[in-house]
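One-letter residues, chain by chain:
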Amino acid sequence: MTRRLAEVAKKVGVSEATVSRVLNGKPGVSEPTRQAVLSALDVLGYERPTQLRGERARLVGLVLPELQNPIFPAFAEVIGGALAQLGLTPVLCTQTRGGVSEADYVTLLLQQQVSGVVFAGGLYAQADAPHDHYRQLAERNIPVVLVNAAIEHLGFPGVSCDDAVAVEQSWRHLASLGHERIGLVLGPGDHVPSARKLAAARAVGHVPDEFVARAMFSIEGGHAAAARLIDRGVTGFICASDPLALGVVRAARRKGLDVPSRISVVGYDDSALMNCTEPPLTTVRQPIEAMGKAVVELLNAQISGGSVAAQELLFEPELVVRGSTAQAPRE
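Quick notes on the rules
- Residues numbered from 1 in each chain as written.
- Predicted model: local features only at pLDDT ≥ 70, side-chain atom pairs only at ≥ 80, totals over all residues.
- Heavy atoms only, no water.
- Helix = DSSP H or I, 4+ residues; strand = E, 2+ residues; numbered from the N terminus.
- Buried < 20%, exposed > 50% of the residue type's maximum accessible area, 1.4 Å probe, protein only.
- Salt bridge = Lys/Arg side-chain N within 4 Å of Asp/Glu carboxyl O.

With an unreviewed UniProt entry as reference, the protein is termed LacI family DNA-binding transcriptional regulator, source organism Streptomyces levis.

Here it is, written out as structure tokens:
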């Protein structure tokens, strides 16, 4: 008990006596300090006293599918900073292959009595994935916000970058450069944002099935997918992520084709260091700062007891033209 008091007091920056008063429900402690002590208990993994367990912790789960793609740490930084300004502590939950699953994280977060959960990429974007853990959150009335396109009927508010606008910008850019054989490198077939991108491409141009390749979201996935499309004569590539686009660049080079004089590539996200690649990557920028702040506003409104519609807020992306796109090669 003495060790627990000391650890919590050090974490919050108060005396052990103050921590003891909070744990025993004694008066004489301000509400902000009281909440800080309770949050410290949760963060340090200590159980709250029985009389305090009915209160939700000032913790918010931030569930990410990975950290290798720089877009996810970028979202975490913006969302985590905005949560901290409201006195909420983000708990980062990152999935690893063969490690803790998204459903397992939800179970752990519920045990910690979190105030809410933000999912920035996850199984909600895959139609064929299991979704029972989302229903569990809904049944317990836990505030939730989803980042980027989700399957229908989950019943949570979301904040998304407009996939259709992103593809329209990319397609028109490549078409203006004279590219007629434009292909898409997308995520798995049940991935909702990828499905939106494909629908948008077919609304603005001709996209035969043989010009569409599916891949896991990685450089290696992009490389394998692009190799097939290059052999089919594609000269302009629209990719569903920056790592996929970097894989396309690598595939072109392995085939002895220069980027951008022979193959043009457009990424998606404008994640960190894309202006430092060789060549610098033309990509579509997600407005991470604005999206992250909107996520926290929606979550905080729910935590505060407000009514938030289960609708999707769409944010407009921006095409950033760099060095990976150029005039189409002459036959």
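Any chance you could explain unusual backbone geometry here in plain terms?
Glycine aside, a negative phi is what most residues show, and trans is what most peptide bonds show. Following Val 259, the chain continues to Pro 260 via a peptide bond in cis, the omega torsion being 20°. Checked against the element boundaries, Pro 260 lands in the loop between α10 (242-254) and β9 (264-269). Of note, the bond from Glu 278 into Pro 279 is cis; its omega dihedral lies within 30 degrees of zero at -5°. Although it is not a glycine, Asn 141 adopts a positive phi angle of roughly 60°. Counting through the fold element by element, Asn 141 comes out in the loop between α6 (132-139) and β4 (144-147). Of note, the phi angle at Asn 148 is positive, near 70°, even though the residue is not glycine. Here Asn 148 shows up in the loop between β4 and β5 (158-161). Of the residues examined, Asn 148 reaches a relative accessible area of 17% and is grouped as buried.

Help me out: how do you make sense of the pattern of salt bridges in this one?
Pairs can form between side chains of opposite charge whenever their charged atoms are close. What the rule picks out here adds up to nine salt bridges. One salt bridge connects Asp 209 with Arg 202, and the closest N-O pair in it is separated by 2.6 Å. A relative accessible area of 59% places Asp 209 in the exposed class. Bridged by salt links that share partners, the residues Asp 270, Arg 285, Glu 318 and Arg 322 form one connected network.

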